[in-house]
Amino acid sequence: MIDHISVGVSNLERSAKFYETTLAALGLTCLVVRPRTIGFGKAYPEFWINLREGMPRMAPESGVHICLRAKTTAEVDAFHAAALSAGGASDGAPGIRPHDRVRYYAAFVTDPDGNRIEAVTFPAE
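First, a word on what this report is: a plain description of the structure on this page.

Quick notes on the rules
Residues numbered from 1 in each chain as written. Predicted model: local features only at pLDDT ≥ 70, side-chain atom pairs only at ≥ 80, totals over all residues. Heavy atoms only, no water. Helix = DSSP H or I, 4+ residues; strand = E, 2+ residues; numbered from the N terminus. Rg over C-alpha atoms; globule rule 2.2 N^0.38 Å. Buried < 20%, exposed > 50% of the residue type's maximum accessible area, 1.4 Å probe, protein only. Contact = heavy atoms within 4.5 Å. Areas by Shrake-Rupley, 256 points an atom, 1.4 Å probe, with all protein chains shown as cover. Lys, Arg positive; Asp, Glu negative; His and termini not counted. Charge placed at Lys NZ, Arg CZ, Asp CG, Glu CD. 1 Å grid on protein atoms, 1.4 Å probe; cavity = no way out; pocket = protein on both sides within 12 Å on 5 of 7 lines; lining within 4 Å. Points joined across faces, edges and corners; volume = space filled by probe spheres on them. Nonpolar A, V, L, I, M, F, W, Y, C, P; charged D, E, K, R; others polar.

**A short note on the overall build of the protein**
- Across its full length, the protein carries two helices and eight strands.
- Beginning at the N terminus, the succession of helices and strands in the protein can be written as β-α-β-β-β-β-α-β-β-β.
- Compactness check: the protein gives a C-alpha radius of gyration of 14 Å against a globular reference of 14 Å for 125 residues, within 12% of the reference.
- Over its C-alpha atoms, taken along the principal directions, the protein stretches across nearly 45 × 35 × 30 Å.
- A total of 125 residues make up the protein; the buried ones form 44% of that total.
- For the protein, long-range pairs separated by at least 24 residues make up 53% of all intrachain contacts whose partners lie at least 6 apart in sequence.
- In the form shown here, the protein has an accessible surface area of approximately 7,000 Å², with 54% of it arising from carbon and sulfur atoms.
- Here the protein contributes 13 positive and 14 negative side-chain charges, whose respective centroids are spaced 2 Å apart.

As structure tokens, this is what we get:
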């Protein structure tokens with residue numbers, strides 16, 4: 001249903017380094033570089049970062065987050081670890097999230113601008 005997404009960042013170079021490291025854990029690479037935007041994906045740019053100079057840090061209470069699909073729990077773990085090593089912060093360690101209709105494994109991080117990014121997979125067991 002969704003073709004691509006984008007997030008605003010206040011420092012394109014810093015965010016490019018963060019997302020190159022973090023998204024690599026999910027198999028996404030940098031595919032397009034333009035003066036004010038960078039696109040990451042597998043076959044085409046699905047995740048964009050866009051320079052918004054002077055943008056304030058995202059408020060934690062905004063409630064907005066973007067969820068990316070991982071193939072395995074190991075990819076979710078790698079995503080979380082990569083984000084932390086690249087200057088992000090944990091907003092929910094990797095683990096099972098049981099809900100009434102579905103059981104899933106996820107991790108949440110915030111990027112250097114406070115954008116909340118999740119990686120999720122649905123283990124069979």
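**Some remarks on the layout of surface pockets**
- For the largest pocket, the calculated volume is near 350 Å³.
- If you trace the largest pocket, you find it lined by Ile 2, Asp 3, His 4, Ile 5, Leu 28, Lys 42, Glu 46, Phe 47, Ile 66, Cys 67, Leu 68 and Arg 69.
- Breaking the lining of the largest pocket down by element, the ones donating at least two residues are strand S4 (45-51) and strand S5 (66-69).
- No other element matches the four residues that S5 contributes to the lining of the largest pocket.
- Of the residues that constitute the lining of the largest pocket, the class distribution is seven nonpolar, one polar and four charged.
- Ser 62, Val 64, Gly 114, Asn 115 and Arg 116 are the residues nearest the centre of the second largest pocket, which is lined by 16 residues in total.
- Among the residues making up the lining of the second largest pocket, the classes are represented as seven nonpolar, six polar and three charged.

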